Amino acid sequence: MRGARSVTKATDRPKQDSLYYGRRSILALKGMTMRTKRALYAIAAATLAWSAGASGLAAQAKHSINLALVTPIQLQPAEDTISGFRFNLIYGRNAGMSGLDLGLANHVTGPMHGVQFGAVNMTGSGVGFQWGLVNLNEGEFEGFQWGWYNQAGLNNGLQLGLVNYAQKAKGIQVGIINIIKEGGRFPIMIIANWGKSSD
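Residues numbered from 1 in each chain as written. Predicted model: local features only at pLDDT ≥ 70, side-chain atom pairs only at ≥ 80, totals over all residues. Heavy atoms only, no water.

Trainee: Summarise the overall build of the chain; cite the residues concerned and give the values.
Mentor: Each helix and strand in the chain was counted, giving two helices and eight strands. The order of helices and strands in the chain, counted from the N terminus, is α-α-β-β-β-β-β-β-β-β. Of all 199 residues assigned to the chain, the portion counted as buried reaches 28%. Considering only residue pairs separated by 6 or more positions, the chain has 2% of its internal contacts joining residues 24 or more positions apart. Total accessible area on the chain stands at roughly 12400 Å², and carbon and sulfur atoms take up 68% of it. (Helix = DSSP H or I, 4+ residues; strand = E, 2+ residues; numbered from the N terminus. Buried < 20%, exposed > 50% of the residue type's maximum accessible area, 1.4 Å probe, protein only. Contact = heavy atoms within 4.5 Å. Areas by Shrake-Rupley, 256 points an atom, 1.4 Å probe, with all protein chains shown as cover.)

Laid out in structure tokens, this is it:
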């Protein structure tokens, strides 16, 4: 019987110890001053904010240079932004681009700020200069587009080419065929077309 009691006491000891230390932790928390509790809350909040900021920076990573054969065979991931120089031997794609963009086919899914030289240039929106056989912009392009075919969601600059197309326009088109779907002086015009001045 003594052996059985000793076994029971030995097996119950970890449970008793855990309850003892658990109660001590609760009492310690209750015994903290309001200033100490606020300090702990501030540290926890700062840790969460830092981790969220770090994950945001990782999601929006920037690099100064990128070289691409054809996406995804490139130095930097397609979802990252390049701020500096990018060279696309065949086709390169990135989320954003600031600086000089050279290549056969240059694709920026988001904003482009700078200069693009290529056979085909594609951007979500752009500010700067595009030179290519085909220049395609989904959103607003503010600056100068020069190519055989230029396209912009909103032309806020100069389009110079054989065929120029804009969904809307605040700028000028100069070419053989110039199309402005909404807000143009003419829906389609040869030589030149431009956006209507706002009243």
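Trainee: Would you mind going over the pattern of salt bridges in detail, with residue names and values included?
Mentor: Tallied over the full model, the rule gives one salt bridge. Notably, a salt bridge pairs Asp 101 with Arg 86, separated by 2.7 Å at the nearest N-O pair. On the criterion of sequence distance, the pair formed by Asp 101 in strand β4 (residues 96–137) and Arg 86 in strand β3 (residues 81–94) is long-range, its members being 15 residues apart. This pair shows no difference in class: Asp 101 is buried, exactly as Arg 86 is. (Salt bridge = Lys/Arg side-chain N within 4 Å of Asp/Glu carboxyl O.)

Trainee: Can you lay out the packing of aromatic side chains for me, pointing to particular residues and giving the numbers?
Mentor: By the definition in use, this model includes five aromatic pairs. A ring pair is formed by Phe 117 and Trp 131, whose centres lie 6.3 Å apart and whose planes are at 45°; its orientation type is tilted. Judged by its relative accessible area of 32%, Phe 117 falls in the partly exposed class. With relative accessibility at 39%, the residue Trp 131 sits in the partly exposed group. An angle of 15° between the planes, with centres 6.1 Å apart, marks the rings of Phe 144 and Trp 146 as stacked. Aromatic rings pair up to connect Phe 117, Phe 129, Trp 131, Phe 144 and Trp 146 into one cluster. (Phe/Tyr/Trp six-rings, centres within 6.5 Å; stacked < 30°, edge-to-face > 60°.)

Trainee: How would you summarise the sheet that holds β4 if you had to cite specific residues and measurements?
Mentor: Read across the open sheet, the eight strands follow the order β2-β1-β3-β4-β5-β6-β7-β8; overall the sheet is mixed. What marks the edges here is a single partner per strand, and that holds for β2 (73–74) and β8 (188–194). Bridge count for strand β1 (residues 62–70) against β2 is two bridges, and the pairing is antiparallel. Directly across from Ala 68, in β2, lies its bridge partner Gln 74. (Pairing = 2+ DSSP bridges.)

Trainee: Quick rundown of the pairing of β8? Include the residues and the values.
Mentor: Bridge analysis of strand β7 (residues 172–182) against β8 gives six bridges, and the strand direction is antiparallel. Within β8, the position partnered with Gln 173 by the bridge is Asn 193. Where β7 hands over to β8, the hairpin turn is made up of five residues, of which Gly 183 adopts a positive phi near 80°.

Trainee: Tell me about a nonpolar patch on the surface, and please be specific about residues and values.
Mentor: Side chains of Ile 65, Leu 67, Leu 69, Val 70, Ile 73, Leu 75, Phe 87, Leu 89, Ile 90 and Leu 104 sit close together on the surface and give an oily, nonpolar patch of about 850 Å² of accessible area. Going through the elements one at a time, β1 and β3 are the ones with two or more residues in the nonpolar patch. Per-element accounting of the nonpolar patch gives the leading share, four residues, to β1. With respect to the helices and strands, the residue Phe 87 is situated in strand β3. Taking relative accessible area as the criterion, Phe 87 reaches 34% and is therefore assigned partly exposed. (Patch = residues over 30% accessible without salt bridge, like charges linked within 9 Å, V, L, I, M, F, W, Y side chains within 5 Å.)

Trainee: Run through the nonpolar core, naming residues and quoting values.
Mentor: If you look at the biggest cluster of nonpolar residues, it comprises six residues: Ile 82, Met 97, Val 108, Met 112, Phe 141 and Ala 152. Those elements that place two or more of their residues in this core are β4 and β5 (140–155). The dominant element in this core, judged by the number of residues it contributes, is β4, at three residues. Beyond its immediate stretch of four places on either side in the chain, Val 108 contacts Arg 86, Asn 94, Ala 95, Gly 96, Met 97, Asp 101, Gln 116, Met 122, Thr 123 and Gly 124. (Core = buried A, V, L, I, M, F, W, Y, C linked by side-chain atoms within 4.5 Å.)

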